[in-house]
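Each chain, written out:
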Amino acid sequence: MAKKKAVGSKVSAKAAKKAKAATKTERKEKKKTGGKSKVQEEDDDEDLEAILEKMRREWEEAHSVTEELAETPSRRANATLTACPNGNHLWCIGGEFFTDDNKAYFYNDVFRYNPEKDEWRKFVSKVCPGPRSAHAVAASPAGGGKLFLFGGEFSSLHQNTFHHYADFWVFDISTHSWDRIETKERPSARSGHRMAIWKHYIVLFGGFYDPGITTRYLNDLWLFDTQEYKWREIKFTLTELRPTPRSGFSFLPTPDGIVLHGGYCKEYAKGKRPVGVMLEDTWFLNLTLTTPEAGTSSKADPLKVKWERRKRPSTAYAPPLRSGCTMAVWQTKSMGVQFGGVTDEDTSEETLESVFWNDLNAYQWTGKGRWVSLTLKKPKKKGKAGKSGKSKPPPTAQSQNWSAHHDDEVDDWDNDIEDGKNVPPVPKVDVDGDAIDPDDPVLTTPIPRYNAMLAVLRNTLYLYGGIFEKGSREYTLEDFHKIDLDKMDRFVCLKESSIFIDDKAEESSDDDDDDEDDDEDDDDEQEEEYEETRAPEAGDDREDPVQITEETENTLAAEDVLETPPPATDVLLFHPGASPFTHPHLKDGLRTKATHFMGVARDTTRSAEDVISTPLPGETLAMFYARSREYWAKSHMPAEPATIVASSFAAMASCWRKIVTASKQETHPCRVVSLTTPVFLAEYKPVLKEVEKILAEAGLDEEEMRRGAAAGPVGAQAQSRNRR
């Protein structure tokens, strides 16, 4: 019996042990599942599937694309026109348009042109790049066709804010949808750069960054691997050759590398204004992709990169020096095709002589490279040749350029534009006295322009838009042309321009110059009158300063001196004891005040007094006072209770003139003080600090701030955003 009891106790102990182990296992399972039952686990699986389905629907909704029939893209500049890498289409993306009242409009729409149907279609999706211009696009045939977009710039409607992009996007041609590519390393924000596809690499070079004070041009080289989706910068030693910083150049992919030609940049010299430089050098980026041999280290870089400068023989043909003429790739003939451009002669701060072109040229990149002039071929006519049987040669490329100044041909062409015709002028006789042939293909040539958008598709060159200038006016064009490069017989206008170019624009510009001269003379007279009415010095026998009466105040109000809100060049009247910076019209915040002293102001027509009496960007108080000390020493102001604060020396003199005219017998003491006299330097200190903060946010170091201060104001002509 005792033995049986012992066996029974062992069995019960084992059973208890198993039950304990099962309980322990169940506890572990509960911990893993959060204490949920199998039913609850099945519910969680269903919830997860619902979440994934919801995410899928949201993605599809965000990437849904609306396709609609559209007219030709609206007037715009600095957009991209790209040939489809695996189809017979053209893609137009983005761009900008500035109205006559200086409002800025930026676009992010995507247009596709079908040459066979001669129709445009617009694609709209929720996920897409922001509005921009001066960006770069490269096309790849991989994966059904891709368009890669990087960078660009954007400005608010009234240009109060400006932004450079550093984002990278890919457009899937098969689905018409956008996706943003996020990488840890990438090129910096920029505009005016160029990209090209070489094998499975996207090559990016140059461009500029403009924070509003000075334009920083770039010459860094970046590669994006479309297989690994990674950016990397190619570094060069100081002894290795490479192109200088630039923007707006031609960047042509070839089987062995990439050809770079021309471009534009600005030279900054200490104490001098920036000067635009047109470049005409040609470089070849030699790219070699090697396969690692067996047994060698796989860490070695298989891609070899080297810059080589191409020299042109002095006797070889080349088009005249110009900018604003990026070439389009003509792969069939191993050429880059160039149309138009502008040649600037920066003769002085206020004068910019420009010649605009409408000729066709091509650069053949095979061998050492050479330029070719593409001229239109006149049709052969039976019985029309001379006795010698020889016909006249077609006009040269140089003979097709159009001056932007007083030119009879330009005036005739303007009359044609006014009548709604978009053709060059048709003179009655040619230079030899012979009648002009109305079938002459030269007459189909588009008008001169620069920054035209070009693309070659199946041996046909397409040309859209561009910019033409006359006098002080800029005209953004919207006409659309094509020409068969194999035949070179004539241009075909697919859409005429609706732009009316005022033939009096240049005359009005000259009148404005005359008015400015008159204004300067008036300012000189006003300053003389001001000197006559200023406060008497010690030992001076002049009369007491002018006194303001109630009648005087009414007169000043009648003459808009005290108008509310006051014009920027007028004056403000303050009551005795009031601080000028407490006036409601001047309480715009430090950021607003600071921008008035920076070189981003749209109104660049400043007098010499404005320049010397206003702190420059990056200028410290000590630098400002040292520079303007003599100016303030000559400005003697009577210290009287009432104060009139003028925004400039000219406004002060004008105010004194009105006071002298309006003053009678009653007295009411006042004084006129410039906003920039040493009296208010203490109040300017926060503003100058804010200027330095803005410059620091823009990424400028102290040396660049000093350089921007030394450069001083730039003439209005040089401030054209299309001269970058």
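Residues numbered from 1 in each chain as written. Predicted model: local features only at pLDDT ≥ 70, side-chain atom pairs only at ≥ 80, totals over all residues. Heavy atoms only, no water.

Visitor: When you look at the overall build of the protein chain in this model, what are you seeing that I'm missing?
Guide: Counting its secondary structure elements, the protein chain contains 11 helices and 31 strands. Looking at the protein chain residue by residue over its 724 residues, the buried ones come to 45%. (Helix = DSSP H or I, 4+ residues; strand = E, 2+ residues; numbered from the N terminus. Buried < 20%, exposed > 50% of the residue type's maximum accessible area, 1.4 Å probe, protein only.)

Visitor: Looking at this structure, how should I read the sheet that holds strand β7 (residues 146-150)?
Guide: Within a sheet, each strand pairs with its neighbour through backbone hydrogen bonds, oriented either parallel or antiparallel. As summarised here, the arrangement of the 4 strands in space is β6-β7-β10-β11, forming an open sheet in which the pairing is antiparallel. Looking at the sheet topology across the chains shown, the edges are occupied by β6 (136-140) and β11 (177-180). The sheet shows a mean angle of 25° between the axes of neighbouring strands, direction not considered. Here 5 bridges tie β6 to β7, and the two strands are oriented antiparallel to one another. Looking at the pairing, Ser 140 lines up with Lys 146 of β7. (Pairing = 2+ DSSP bridges. Axes fitted to C-alpha atoms, helices over the stretch in contact; angles between N-to-C directions.)

Visitor: Could you clarify how one ought to interpret the sheet that holds strand β28 (residues 492-495) in this entry?
Guide: One open sheet holds the 4 strands; their spatial order is β25-β26-β27-β28, and the pairing between them is antiparallel. The sheet terminates laterally at β25 (453-457) and β28, the two strands that pair on one side only. With strand direction ignored, the average angle separating the axes of adjacent strands in the sheet is 30°. Sheet topology places β25 next to strand β26 (residues 460-470); 5 bridges connect them, and they run antiparallel.

Visitor: Any chance you could explain the pattern of salt bridges here in plain terms?
Guide: Two side chains that carry opposite charge are able to pair once their charged atoms sit near each other. This structure, assessed with the given rule, holds 17 salt bridges. A salt bridge links Arg 322 to Asp 359, with the shortest nitrogen-to-oxygen separation between them at 2.8 Å. One end of the pair, Arg 322, is in the loop between β19 (303-310) and β20 (328-330); the other, Asp 359, is in strand β22 (residues 353-364), with 37 residues separating them in the sequence. Under the relative-accessibility criterion, Arg 322 is labelled buried at 5%. The exposure class assigned to Asp 359 is buried, which follows from its relative accessible area of 1%. (Salt bridge = Lys/Arg side-chain N within 4 Å of Asp/Glu carboxyl O.)

Visitor: Just to check I follow, could you spell out the environment of Met 453 for this structure?
Guide: Mapping Met 453 onto the fold places it in strand β25. Filtering out sequence-adjacent residues up to four positions away, Met 453 remains in contact with Arg 76, Ala 79, Thr 80, Leu 81, Tyr 462, Leu 463, Tyr 464 and Gly 465. (Contact = heavy atoms within 4.5 Å.)

Visitor: Is there a simple way to explain a nonpolar patch on the surface in this structure?
Guide: On the surface, Leu 48, Ile 51, Leu 52 and Met 55 cluster together to form a nonpolar patch covering roughly 410 Å² of accessible area. Along the chain, Met 55 falls in helix α2 (residues 38-62). (Patch = residues over 30% accessible without salt bridge, like charges linked within 9 Å, V, L, I, M, F, W, Y side chains within 5 Å. Areas by Shrake-Rupley, 256 points an atom, 1.4 Å probe, with all protein chains shown as cover.)

Visitor: I'm lost on unusual backbone geometry in this one. Help?
Guide: At Asn 78, a residue that is not glycine, the phi angle is positive and equals roughly 55°. Tracing the backbone through its elements, the reader meets Asn 78 in the loop between β1 (65-70) and β2 (80-83). Despite not being glycine, Met 488 shows a phi value in the positive range, around 50°.

Visitor: Help me understand the pairing of strand β5 (residues 119-125) in this model?
Guide: For a regular strand, the rule is simple: side chains alternate between the two faces of the sheet. Here β1 pairs with β5 via 6 bridges, running antiparallel. Note that in β5 the partner of Glu 67 across the bridge is Phe 123. Pairing of strand β4 (residues 104-114) with β5, which is carried by 5 bridges, proceeds in the antiparallel orientation. The partner of Asn 114 across the bridge, within β5, is Glu 119. Connecting β4 to the next strand, β5, in antiparallel fashion are 4 residues, including Asp 118 with a positive phi near 50°.

Visitor: Hey, could you run me through the packing of aromatic side chains in this one?
Guide: Given two aromatic rings, one states the distance between the centres and the angle between the planes to describe the pair. If you walk through the whole model with that rule in mind, you get 32 aromatic pairs. Both rings, one in Phe 111 and one in Trp 120, keep their centres 6.4 Å apart while their planes meet at 85°; by these two values the pair is edge-to-face. One exposure class covers both Phe 111 and Trp 120, and it is buried. Consider the rings of Phe 148 and Phe 168, whose centres lie 5.9 Å apart with planes at 25°: the pair is stacked. A residue pair is termed long-range when its members are at least 10 positions apart, and Phe 148 in strand β7 and Phe 168 in strand β10 (residues 168-172) qualify at 20 residues. Look at Phe 168 and you get buried, because its relative accessible area is 3%. The ring centre of Tyr 107 lies 4.3 Å from the NZ or CZ of Arg 76, which sits over that ring. When the ring centre of Tyr 165 is taken as reference, the NZ or CZ atom of Arg 132 above it lies at 3.7 Å. (Phe/Tyr/Trp six-rings, centres within 6.5 Å; stacked < 30°, edge-to-face > 60°. Lys NZ or Arg CZ within 6 Å of the ring centre and 35° of its normal.)

Visitor: Teacher, can you tell me more about the confidence of the model for the protein chain here?
Guide: Parts of the model with low pLDDT should not have their predicted coordinates read in detail. Across the protein chain, pLDDT averages 73, with 57% of residues at or above 70. Considering only residues more than four positions removed or in separate chains, one finds that residues 384-429, a stretch of pLDDT under 50, has 86 contacts. Low pLDDT, under 50, characterises residues 598-605; the predicted model gives this stretch 17 contacts beyond four residues in sequence or across chains. (pLDDT = per-residue confidence, 0-100.)

Visitor: Sorry if this is basic, but what is going on with the pairing of β2 here?
Guide: Taken together, the 4 bridges between β2 and strand β3 (residues 90-98) define a ladder with antiparallel strand orientation. The partner of Thr 82 across the bridge, within β3, is Trp 91. The hairpin turn running from β2 into β3, its antiparallel successor, is 6 residues long.

Visitor: I tried to follow the environment of Asn 78 on my own but got confused; where do I start?
Guide: Taking C-alpha positions, Asn 78 is 7.8 Å from His 135, a pair spaced 57 residues apart along the chain. Not counting residues within four places of it along the chain, the set of residues in contact with Asn 78 comprises Gly 95, Glu 96, Ser 133, Ala 134, His 135, Asn 451 and Asn 722. In this structure the side chain of Asn 78 is engaged in a polar contact, spanning 2.7 Å, whose partner is the side chain of Glu 96. (Polar contact = N/O pair within 3.5 Å; in protein donor to acceptor, adjacent residues only side chain to side chain.)

Visitor: What is the right way to look at the side chain of Asn 114 in this model?
Guide: In this fold, Asn 114 is placed in strand β4. Discounting chain neighbours no more than four positions away, the residues touching Asn 114 are Asn 88, His 89 and Glu 119.

Visitor: Explain the side chain of Asp 225 here, please?
Guide: Considering the arrangement of structural elements, one finds Asp 225 in strand β14 (residues 216-225). Despite its burial, Asp 225 remains without a salt bridge, the nearest opposite charge being carried by Arg 232 at 6.8 Å. Within the local environment of Asp 225, its side chain forms a polar contact with the backbone nitrogen of Glu 228, the two atoms lying 3.4 Å apart. Those residues within four positions of Asp 225 in sequence are excluded, and the remaining contacts are His 200, Tyr 201 and Lys 230. (Lys, Arg positive; Asp, Glu negative; His and termini not counted.)

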